[in-house]
Amino acid sequence: MPAKLLEGKPIAESIKNKLKQDIAGLGFKPVLASILVGENAASEAYARSQEKIAAALGIGYQLHKLDAKIKQHELIAYVQKLNADKNVTGIII
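Residues numbered from 1 in each chain as written. Predicted model: local features only at pLDDT ≥ 70, side-chain atom pairs only at ≥ 80, totals over all residues. Heavy atoms only, no water.

Draft legend 1. Broad picture of the nonpolar core. By size, the foremost hydrophobic cluster in this structure holds 6 residues: Ala33, Ile35, Leu66, Leu75, Leu82 and Val88. If you list the elements that add at least two residues to this core, you get strand 1 (31-37) and helix 3 (72-84). Contact partners of Val88, with chain neighbours within four places excluded, come to Val31, Ala33, Gln62 and Leu82. (Core = buried A, V, L, I, M, F, W, Y, C linked by side-chain atoms within 4.5 Å. Buried < 20%, exposed > 50% of the residue type's maximum accessible area, 1.4 Å probe, protein only. Helix = DSSP H or I, 4+ residues; strand = E, 2+ residues; numbered from the N terminus. Contact = heavy atoms within 4.5 Å.)

Draft legend 2. Layout of the pairing of strand 2 (residues 60-66). Taken together, the 7 bridges between strand 1 and strand 2 define a ladder with parallel strand orientation. Bridge pairing in strand 2 links Val31 to Gly60. For the crossover from strand 1 across helix 2 (residues 41-57) to strand 2, the handedness is right-handed. (Pairing = 2+ DSSP bridges. Right-handed = clockwise from strand over helix to strand, strands pointing away.)

Draft legend 3. Summary view of the pattern of salt bridges. Within this structure, the stated rule accounts for 1 salt bridge. Among the salt bridges present, the one from Asp22 reaches Lys18, with a minimum N-O distance of 2.7 Å. Linking Asp22 with Lys18, this pair stays in helix 1 (residues 8-24), spanning 4 residues, or about one helical turn. Accessibility expressed as a relative area gives 38% for Asp22, which makes it partly exposed. For Lys18, a relative accessible area of 46% corresponds to the partly exposed category. (Salt bridge = Lys/Arg side-chain N within 4 Å of Asp/Glu carboxyl O.)

Draft legend 4. Local environment of the environment of Asn40. If you trace the backbone, Asn40 turns up in the loop between strand 1 and helix 2. On the basis of relative accessibility, which here comes to 38%, the residue Asn40 falls in the partly exposed class. Considering only alpha carbons, one finds Asn40 and Gln62, 22 residues apart in sequence, at a separation of 18 Å. One polar contact links the side chain of Asn40 to the main-chain amide nitrogen of Ala42, over a distance of 3.0 Å. (Polar contact = N/O pair within 3.5 Å; in protein donor to acceptor, adjacent residues only side chain to side chain.)

Here's what the structure looks like:
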């Protein structure tokens, strides 16, 4: 059987359109909180991409930049604070 070339862009657009519909049907605007620890150009670029996609899908976005010297227990407490926030529906670190 010959190989079939898949076009990624139309597939991605189809997925995004379905997600937009699903999100619109939730009855509330979900909010993604993204936590960046320290300075990393690649991570910051990824966060900008997250924000752009979230906006396109109708998802709120919060970026939380934390110092690289943060202690583990402080980071855990920060995540717990966000987890307790009723306005935040998802967290990514």
